[in-house]
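# Structural overview
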Amino acid sequence: MTQRPRAVLAFGPPSLVGRIFSPEALGRITAVLDVDVAHVVTGTGPSAPAGTARQALADAEVLLAGWGAPRVTVDDAPRLRAVLYAGGVAATCLDDPAAHAARGVVAANARAVNAVPVAEYTLATILLANKRAWAAEREFRAARRLPDRENEPANLGNYRRTVGIVGASQVGRRVIELLRPFDLDVVVWSPELDDESAEALGARYGTLDEVAAQSDVLSLHQPAIPETEGQIDARVLALLPDGATVINTARGSVVDEAALLAELRTGRISAVLDVTEPEPPAPDSELWDLPNVVLTPHIAGSAGGELHRIGDLVAAEAERYAAGEPFAHPENLGAPRA
């Protein structure tokens, strides 16, 4: 029988292991990797506790890591050959990803499957925003009677409305895919796109200004990098049509919060914010009290039973590694990080 590659688990709170990996997924992993699932590395370096888990890291060929994992150095894991990351970026658990890559370390991450619930949340929010569901709920609760249908807005609903997507990330692309069955016009801006590549995704291409000016709902999916900090600023927000809704499931930093608040105070637009900067908003932030703002506590990503989707992906990548096959979701550790 072929000897199984030695592996070690590394997470912030050890409890994450049970939340991410179902018993079935752990069974698949232990069938192909020699790993003690009862030991989880939570720290490295001289101050880390000695013992079985730390020795396992030193002996490990495969690192099974996730949120809160300590930064692993080449000295911590001199035999390391693969990182399977139960999260978005495997490089975050390595002190010098390029140095590990130079030694032949390969990696896989779960970004693709973590995009699934974010896109699902976004789809639901888009459809509800066009129905003005949150405003209707507030008004219904206050009036305690049905609204006057004779005077409802003509642009209410999801038929032939325009949804703008900012950022052709994995989430952005998944949202475009999920929107296909609906009678919606989807327009997208991302710096790498043009008319042809946007059409291949199932959307029209527009500049950022053109997308904002056309959008009944503007959904944000760009990465949090220096170039996107405050990208949705006063100028962009002013281009939104009256009654538009901004949905942010990207990162709070991509929105100029002062500019957003200025628009929200007028009541001209609405916002659904699953992320903010800071997170959560300051206790005295107007975002808590404005009636045209819906705040959710960063719930769009994988949570609860959805975490098992990540565990299943890691188990599948472990099986590929043990079989000598390439990863289905590889990450280039040698690439410059944004």
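In short, a report on the structure. (Residues numbered from 1 in each chain as written. Predicted model: local features only at pLDDT ≥ 70, side-chain atom pairs only at ≥ 80, totals over all residues. Heavy atoms only, no water.)

## Focus: the pattern of salt bridges
Defined as follows: Here, a salt bridge means any side-chain nitrogen of Lys or Arg that lies within 4 Å of a carboxyl oxygen of Asp or Glu. Each helix corresponds to a stretch of at least 4 residues labelled H or I by DSSP, and each strand to a stretch of at least 2 residues labelled E; elements are numbered beginning at the N terminus. Working definition: with a 1.4 Å probe on protein chains only, accessible area under 20% of the residue-type maximum means buried, over 50% means exposed, and in between means partly exposed.
In this structure the tally under the stated criterion is 14 salt bridges. The salt bridge partner of Asp34 is Arg6, with a shortest N-O separation of 3.9 Å. Linking Asp34 in the loop between α2 (23-32) and β2 (40-41) with Arg6 in the segment before β1 (7-10), this pair joins segments that are 28 residues apart in sequence. Close ionic contact of Arg235 with Asp209 constitutes a salt bridge, the shortest N to O distance being 2.4 Å. Separated by 26 residues along the polypeptide, Arg235 in helix α10 (residues 234-239) and Asp209 in helix α9 (residues 208-214) bring together distant segments of the chain. You can call Asp209 partly exposed: its relative accessible area is 32%. A network of salt bridges, in which partner residues are shared, links Arg6, Asp34, Asp59 and Arg79.

## Structural notes on the side chain of Asp216
Put simply, the rule reads: The definition of a polar contact used here is a pair of N or O atoms within 3.5 Å, where within protein one atom must be able to donate a hydrogen and the other to accept one, and adjacent residues in sequence count solely through side-chain atom pairs. Between two residues, a contact is recorded if the distance between any of their heavy atoms is within 4.5 Å.
Here Asp216 lies in the loop between α9 and β9 (217-220). Reaching out from Asp216, the side chain makes a polar contact with the backbone nitrogen of Thr162 at a distance of 2.8 Å. In this structure Asp216 touches Asn130, Arg161, Thr162, Gly243, Ala244 and Thr245, once residues within four positions along its chain are discounted.

## Considerations on the packing of aromatic side chains
Note the cut-off: Working definition: rings of Phe, Tyr and Trp (its six-membered ring) pair if their centres are within 6.5 Å, and the pair is stacked with planes under 30 degrees apart, edge-to-face with planes over 60 apart, and tilted otherwise.
Inspection of the entire model under this criterion finds two aromatic pairs. Both rings, one in Phe11 and one in Phe21, keep their centres 6.3 Å apart while their planes meet at 85 degrees; by these two values the pair is edge-to-face. With a gap of 10 residues between them, Phe11 in the loop between β1 and α1 (15-20) and Phe21 in the loop between α1 and α2 connect regions that are remote in the sequence. Owing to a relative accessible area of 0%, Phe11 belongs among the buried residues under this scheme. A centroid spacing of 6.3 Å and a plane angle of 25 degrees characterise the contact between Tyr321 and Phe327, whose relative ring orientation is stacked. The exposure class assigned to Tyr321 is buried, which follows from its relative accessible area of 17%.

## Considering empty space enclosed by the protein
Operational definition: A pocket here means an open set of points on a 1 Å grid, computed over the protein atoms alone, that has protein on both sides within 12 Å along at least five of seven lines. A cavity is instead a set of points where a 1.4 Å probe fits but cannot get out; residues with an atom within 4 Å of a point line either one. Grid points are joined across faces, edges and corners, and a volume is the space filled by probe spheres set on the points. Basically, the charged four are Asp, Glu, Lys and Arg, the nonpolar ten are Ala, Val, Leu, Ile, Met, Phe, Trp, Tyr, Cys and Pro, and anything else, Gly included, counts as polar.
The full count for this structure, using the stated rule, is one cavity of 30 Å³ or more. If you trace the largest cavity, you find it lined by Asn248, Gly252, Val255, Glu257, Leu260, Leu273, Val275, Thr276, Glu277 and Leu287. Across the lining of the largest cavity, the residue classes tally to five nonpolar, three polar and two charged.

## Considering the nonpolar core
The condition that has to hold: Grouping buried Ala, Val, Leu, Ile, Met, Phe, Trp, Tyr and Cys residues that are joined through side-chain atoms within 4.5 Å yields what is termed a nonpolar core.
Formed by 30 residues in total, the largest nonpolar core has its most connected members in Phe11, Phe21, Ile29, Leu33 and Leu64. Looking at which element gives the most residues to this core, the answer is helix α12 (residues 307-322), with seven residues. Every residue in contact with Leu64, bar those within four places of it in the chain, is listed here: Ala7, Val8, Leu9, Ala10, Phe11, Ile29, Leu33, Val35, Leu84 and Val314. One finds Leu218, Leu220, Leu240 and Ala250 within the second-largest nonpolar core, a separate group that totals 27 residues.

## Description of the packing of helix α5 (residues 111-130) against helix α7 (residues 170-178)
To keep things clear, this is the line we draw: Interaxial angle, 0 to 180 degrees, is taken between N-to-C directions of lines fitted to C-alpha atoms, where a helix line uses only the stretch in contact. Angle categories: roughly parallel below 35 degrees, roughly antiparallel above 145, roughly perpendicular from 65 to 115, and oblique for all the rest. Each crossing gets its hand from how the near helix is turned against the far one by less than a right angle, where anticlockwise is left-handed and clockwise is right-handed.
Interaxial distance between α5 and α7 falls to 8 Å at its minimum, and their mutual angle equals 50 degrees. Classified by the interaxial angle, the pair formed by α5 and α7 is oblique. Viewed along their axes, α5 and α7 form a crossing whose handedness is right-handed. Of the residues in α7, those in contact with Arg111, Ala112, Ala115, Val116, Val118, Ala119, Glu120, Thr122, Leu123 and Ile126 of α5 are Gln170, Val171, Arg174, Val175 and Leu178. Tallied by class, the residues present in the contact of α5 with α7 amount to 10 nonpolar, two polar and three charged.

Everything listed here is a matter of geometry and, on its own, says nothing about what the molecule does.
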